[in-house]
Amino acid sequence: MKTLFVIFAALFVSGCSTLGGGMKAQILGANIDIAKQRAQAAAKPVLNASIPVPGCKAPEGADYKEACVMTIIVHAPQGASSGQVAMPDDPWARAADRAVGVLGTAAGLYLGGQAAVGLVDAAAGGIAKALQTMPDPVVVQPATPVIVPAADPVIVQPVVVPAPDPVIVDPVVVQPEIVYVPAAP
């Protein structure tokens, strides 16, 4: 594993050195120029207008420009675009980047597996020691059952409630009234 790491490190270093220092300096200079131009453009407003308010009369003692002139200033929106010159693509750097990614993933899987094995070993050792020091089980004998005698029955005498006398209500006769409703046309 160490040999593979050394080989890929050598390839990575040799791939990074293929871009000349002059090219990197030119790209850095171009990015600095772009940043300066953006800063200057952001400092200047897109619109700076002074508009007189129609029919306005300045109060006594007040300046006409302060009382009757509306000023509108609009700045350019600050976008999220990068606007930078990108570094040229280098195939050696891409290959080295992928190789380092694969090695990092493999190393992470290996170390994660070793950590998992260590956790399982530690847990198993703890359980084994706990079982070794555990006392023998104690058998508990049930107590002698207690018999409770049944209670004597209680006889309740019935109570007779007389029915109330009937109430007679005089009948009311309602005569139905016939109403003729013509059918809808």
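All values derive from a computational prediction rather than experimental measurement. (Residues numbered from 1 in each chain as written. Predicted model: local features only at pLDDT ≥ 70, side-chain atom pairs only at ≥ 80, totals over all residues. Heavy atoms only, no water.)

## Notes on the overall build of the protein chain
Stage number 1. Within the protein chain, the secondary structure is distributed over four helices and two strands.
Stage number 2. Listed by position from the N terminus, the elements making up the protein chain come as α-α-β-α-β-α.
Stage number 3. Counting only residues that meet the buried cut, the protein chain has 4% of its 185 residues in that class.
Stage number 4. Restricting to contacts in the protein chain with at least 6 residues of sequence separation, those with at least 24 account for 62%. (Helix = DSSP H or I, 4+ residues; strand = E, 2+ residues; numbered from the N terminus. Buried < 20%, exposed > 50% of the residue type's maximum accessible area, 1.4 Å probe, protein only. Contact = heavy atoms within 4.5 Å.)

## Some points on a nonpolar patch on the surface
Stage number 1. Taken together, the side chains of Val 46, Leu 47, Ile 51, Val 53, Met 70, Ile 72 and Val 74 present a nonpolar region at the surface, about 540 Å² in accessible area.
Stage number 2. Of all the secondary-structure elements, those providing two or more residues to the nonpolar patch are β1 (45-52) and β2 (69-75).
Stage number 3. Relative to the helices and strands, Val 74 is located in strand β2. (Patch = residues over 30% accessible without salt bridge, like charges linked within 9 Å, V, L, I, M, F, W, Y side chains within 5 Å. Areas by Shrake-Rupley, 256 points an atom, 1.4 Å probe, with all protein chains shown as cover. Salt bridge = Lys/Arg side-chain N within 4 Å of Asp/Glu carboxyl O.)

## Describing the confidence of the model for the protein chain
Stage number 1. In this model, the protein chain carries an average pLDDT of 78, and 82% of its residues clear a pLDDT of 70 or more.
Stage number 2. The secondary structure element of the protein chain with the lowest average pLDDT is helix α1 (residues 2-16), at 65, and the one with the highest is helix α4 (residues 91-132), at 86. (pLDDT = per-residue confidence, 0-100.)

## Concerning the state of the cysteines
Stage number 1. Per the stated rule, a full pass over the model turns up one disulfide.
Stage number 2. The disulfide bridge from Cys 56 ends at Cys 68, spanning 2.0 Å between sulfur atoms. Residues Cys 56 and Cys 68 are joined through a disulfide that is left-handed, its torsion about the S-S bond being -65°. With Cys 56 in the loop between β1 and α3 (64-68) and Cys 68 in helix α3, this pair connects stretches of sequence that are 12 residues apart. (Disulfide = S-S within 2.5 Å.)

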